[in-house]
Every structure is written in C-alpha cells, then in structure tokens.
Amino acid sequence: MSAAELCSDGGGVSVSGQEAEGDGEPPHGNPLPSQYGAEESEREVMGQEEEVPPAAKQQRLDNDGMAINCEVTLTPACLQEEGGLQTHASPLSIHTECGLPCEHERDAGGEGEAGGGEIEEAGGGEIEVDWQPNGAGEEGTPEAVEDHGNEQNGGDSAECTPREEQQQQYLGLDFSQNPQMLTGSWAEYTNSPENYLKGCKWAPDGSCVLSNSADNVLRVYNLPPELYSNNWDLLTEMTPVLRMAEGDTIYDYCWYPKMSSQDPDTCFIASSSRDNPVHIWDAFHGDLRATFRPYNHLDELTAAHSLCFTPDGDQLYCGFDKMVRIFYTDRPGRDCEERPTNVKRQGQGGIISCMAFSPCKSLYACGSYSRSVGVYACKNGELLALLPSRHRGGITHLLFAPNGHHLYTGGRKDKEILCWDLRDPGQVLFSVNRSVNTNQRIYFDLDPSGRYLLSGDTDGMVSVWDTLTAPTDGQEEVLQPQLQFQVHRDCANGMSVHPFMPLLVTSSGQRHFKWPGHGESDSGSDSDEDSAMMSSDGAALPQDNALTIWWAGPLGSVAEGGNGAEPTSEGQLTA
C-alpha cells in the first residue's frame, strides 16, 4: 500500500457534524478534485447555468493525446487578457530538439534521451544543450536506504517510485561555479513601503512561481517565454499574471501537490491569514474557490498557522496551538478531524508552525514554536517520536529528504539546519550553519535527488551543501558549504528548486526599523535620506525587495544578455 493510500485512509475519520456553508461566503467556482466522484457545483444546485471562465491554459493535444506542433510551441504560456484581467499560463510544451521533454512525454515516464552534458552554441544566441540527469554516472550516488523502523512506525514502507521517475526526468544542477541570474521582479514590490517578500515556491508542474509579501498579496508569475526558446538575451523583468489579496497577515500558503496546468481543476493554492479561514484560491483565474473554516472549543473561528496537503492531495492538514485539524479537500466547510498534539501535558506543545509529509512512508512531521519536532503516523495521528530540543528558536521550516529517512529542520534566530535520521530518532547525522539574525522564516530546499541542500541567510547569501559528503559512521559533523554566492543585498528568505529544470528562485527583504535619532528633520518633512533605514553606526541599511530566477545549469548555456545581469533601481536588467 502506498503512502498516499495510507494517508488518505485516516483510520475512520471522526468529524464534528454536518453544517451548511455560512452566509455571505463567495461562491465556490470549480469543484475541487474529489476521490469520491464528481460533485455538482453550487450553481448547478441552484438551477443556474454555470458560466464557463475564459480558458487561460490551452492543452496542445491531438485526439490521440499527443502534443502537437512542438516545433512551433516553444513557450510555456501565451498570456491572454480578458476584460483587463491577465490570466495564468498554459501548460508546458517544449521543443524536442532542445532536450527538454514535452508535457505528455514527462507524464508517460520521461523516457527522453540523456546525453553527456555537451553544450554547443548555435547562431543567433541560441544554445543547444545535450542534458544528463543529475548525478548520473557519478560515483557515490545515494542508494535506497534499508528501512529499520518500519514496524514500530505503524506503516508499510512505500516505494519512492514517483521520486525516482522524477529524478530521471530532472535536468542536472551544476554548482562548480556560481549560478547566473536570468530575470526577476523588483518594481512590483516598490509600490508600497516596506513591501518585503516572505518566501517563494515553484508550482508542482514547474510552470510558474508563487510569492508572498508583506502587503498580504499572493502573486503568481509565469516562466518567461524566452526561457524556453533560448532567447535569453531578450529576457525582461517579470510581472505577475495573478494577484490574490488576503485580508491580513499571511501565515502560510501551499500549492495543491497534484497541480497540472493541463487540468484547470487542479490549479489551486491554499492560504491562511490572521483572523480568517483557510482560503482556496483558483490559480487559473485568481478567484476564491472555497474555504475551510476551523473553529476552536468556544466555537470561534480560528486561523491556521501552518498548512500542508497530503502527497495525494486528498487531505489538508492545518496546524494550530497544540492541535492539528484535517480537512478533506473535496469537502469545503467546517467539518474536520481533530488531532491534539499535547494531552495532559504529554506530547508536543506550542503552536504547530510547519508541517511536512514523508514522500515514501506513512508519516508526517510537525514543528512548533516551542522548539520541538514531532513525528506522527498518518493513519491515526499517533506520536511516533518527539525529537530532542536542539534548536535555539522556534521551528520555522522542516523538510523530508526524498529517501524518507532524513528530516531537515531549521529555526528562527538559529544558525543551524539539522539533519535527523528517523531510523534512529534523536540522532543528528550532520548540521550546517547559516546566518539567521531575524525571527523571519528563512526557507531552505533540497534538489529532487536529495543531494544538494540550499538555503539563503540574512546577509543575502545562498549556501549549497553536498549531503553526500556527510559522514556515514554516525559521528555528527558540521558540513562546510560546497558553494556560496550573493543573491541579494538584503535577507534572502526564500529558496525553491525547480522540480525538473536547473533553475532556482529566491526572494528577499525584511522589516527594517529606524535607529533612534535618525529620520528626523527640523523642517518636519522626510527626505529620501532622512527616511532611509540606519544601523547603529549611522550607515544606511540595504533594502532589496525582489524575486529572482537563477540558472544553476552549465554556465555555457547562459545567453550573453543574461550572464551576470543585475537589477538596477528601476528594476531593469543590466549586464
């Protein structure tokens, strides 16, 4: 039985009773994907004819299900405008001569030709690349690790087939030299003061990027069409195609894991904000599709501090104070299963700040602001292990390795990222150091093979660690970074690795405070110099609120216009 089946089983879900949707809520648009069969939409129930929204992602398939006109369709999207609204992208479809598989080829198993990484430059600035999957042909490639704690964990071990298939389709990262910036977005975050970013995440199908910022707006960016046609010298600043505004501070957000641009019903995002229910946003049109309304013991609406879909997408786990609530994706409303994490002062206390699911096993991990990390069984929520409190601050991010045996955790104002071996709970395999001088959540990520660990820091640097160099004798060691490179002038809080291309996306910014005595003028008016943020020694603090995309493949494939480009104050790329 797979991990997805075990997670969705639930062991007999107990709900708090059936209750109708609240009055005044936005109508639910397209129904969410359901494992129980198609359901009628709200408009159909009311006897009204459902209005078909304009198609923003057109499938390029013929009657036999094969992509057509691949040699013409080199871009992931042709942005359309309907009534002044810019809609989302169409599915990926790549020229077969570029070495990138088309969407139907990846779905069929990704049996593409892999070369030896040779790079040839063609005329007109176009690059022809012969790709090799990451880690192929290298010694020391990680092998499947034997599962020693499966019986006591209360679940059967599942094959990591999806991850293995994805690794074969994945284009290799090259960290022998610094990655090169391709493009980004800067002007979008200068419209309001202190509009710093708070993270970024690639879509599961790799077609677009989601960002969060201090103005409480989620933005969706399509990959530039020039990136697919290799006309990288024509890359310009990106602009968002969708904006989804929350009413207050956004606590967490996540993509639906089965999201595919070819199926609009799967294109949605979950987000949670202060004093609001969990919102489901349509990532195809930008509309509010549904809500999940959690209530506390006083029957008051309460906001989730963390969100995470199960790997199969059937359930949405929400973190609260000493509580995890589970909603079924196809059942919007208030019905949920409650799983306390602390009973009679036993278990994991504090607010559940982040969650992650193992890709191979029927378990999930929860981090809390009380500096604790708990590992639970998907079937019934049983606490399997409570890891020792090694972090100095509350846990802000955690991530499973593709093999399912290793768990990475990081905290606020804590320089360490710890790698735990779940076959021996409490054992730290190794740690890495980064600069974290803020309470802000600083994300880290693994490449699809699980070899490279990447994280930004408060100095605007990104560090890359090779986990294959970690000791295997059980002796904990601090790994040194294989590569460090500057990505921003301010705190690099967001880091996400593309699912199958050698691309990175980073985000930057943080809240700055004026040092006492600065920013005051006799005339009573603030000039640009007076309003600048100052440090204790009187120096102006750098502010860099930006979203940037980096090429982490072979450097010879970077076009001249995108090689070494940097954003100016106006947000333009300069070589």
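Look above for the structure.
Draft legend 1. Looking closely at the overall build of the protein. On a plain count of helices and strands, the protein comes out with five helices and 37 strands. Within the protein, buried positions represent 55% of all 575 residues. Contacts spanning at least 24 positions in sequence make up 59% of the contacts within the protein whose residues lie at least 6 apart. Taken as a whole, the protein presents about 25,400 Å² of accessible surface, with 44% of it coming from carbon and sulfur.

Draft legend 2. Examining the pairing of strand 24 (residues 395-400) more closely. Burial runs high along strand 24: six of the six residues are buried. Pairing between strand 24 and strand 25 (residues 406-411): five bridges, direction antiparallel. Looking at the pairing, isoleucine 395 lines up with glycine 411 of strand 25. With antiparallel pairing between neighbouring strands as the criterion, strand 24 and strand 25 make up a hairpin whose turn holds five residues, including glycine 404 at a positive phi of roughly 80°.

Draft legend 3. Representation of the pattern of salt bridges within the structure. Here the structure, examined in full by the defined rule, presents 13 salt bridges. Close ionic contact of glutamate 188 with arginine 219 constitutes a salt bridge, the shortest N to O distance being 2.7 Å. A residue pair is termed long-range when its members are at least 10 positions apart, and glutamate 188 in the loop between strand 5 (180-185) and strand 6 (197-202) and arginine 219 in strand 8 (residues 217-222) qualify at 31 residues. Glutamate 188 sits in the buried class, given a relative accessible area of 11%. Residue classification places arginine 219 among the buried residues on the basis of a relative accessible area of 4%.

Draft legend 4. Quick peek at the nonpolar core. One finds Leu182, Leu503, Leu547 and Ile549 to be the most contacted residues of the largest nonpolar core, which totals 20 residues. Breaking this core down by element, the ones donating at least two residues are strand 6, helix 5 (225-229), strand 34 (503-508) and strand 35 (547-551). Within the second largest apolar cluster, 19 residues are counted, among which are Tyr253, Trp281, Ala283 and Tyr443.

Draft legend 5. Seen up close, the sheet that holds strand 5. Strand order in the open sheet formed by four strands is 5-35-34-33, and the pairing between neighbours is antiparallel. Here the strands that pair on one side only, and so sit at the sheet edges, are strand 5 and strand 33 (492-497). Looking at each pair of strands side by side, their axes are set apart by 25° on average, direction ignored. Here five bridges tie strand 5 to strand 35, and the two strands are oriented antiparallel to one another. What sits directly across from methionine 181, in strand 35, is tryptophan 550.

Draft legend 6. Highlighting the sheet that holds strand 9 (residues 242-245). In space, the four strands of this open sheet follow the order 6-7-8-9, with antiparallel pairing throughout. Each end of this open sheet is capped by a strand with a single partner; those strands are strand 6 and strand 9. Neighbour-to-neighbour, the strand axes of the sheet open up by a mean angle of 20°, direction not taken into account. Relative to strand 9, strand 8 runs antiparallel, the two sharing four bridges. Each bridged residue has a counterpart across the sheet, and for leucine 218 the counterpart in strand 9 is methionine 244.

Draft legend 7. Molecular detail of the environment of alanine 245. Residue placement: alanine 245 occurs in strand 9. Residues alanine 245 and glycine 286, 41 residues apart in the sequence, show an inter-C-alpha distance of 9.5 Å. Beyond its immediate sequence surroundings of up to four residues, alanine 245 is in contact with Asn216, Val217 and Trp281.

What counts and how
Residues numbered from 1 in each chain as written. Predicted model: local features only at pLDDT ≥ 70, side-chain atom pairs only at ≥ 80, totals over all residues. Heavy atoms only, no water. Helix = DSSP H or I, 4+ residues; strand = E, 2+ residues; numbered from the N terminus. Buried < 20%, exposed > 50% of the residue type's maximum accessible area, 1.4 Å probe, protein only. Contact = heavy atoms within 4.5 Å. Areas by Shrake-Rupley, 256 points an atom, 1.4 Å probe, with all protein chains shown as cover. Pairing = 2+ DSSP bridges. Salt bridge = Lys/Arg side-chain N within 4 Å of Asp/Glu carboxyl O. Core = buried A, V, L, I, M, F, W, Y, C linked by side-chain atoms within 4.5 Å. Axes fitted to C-alpha atoms, helices over the stretch in contact; angles between N-to-C directions.

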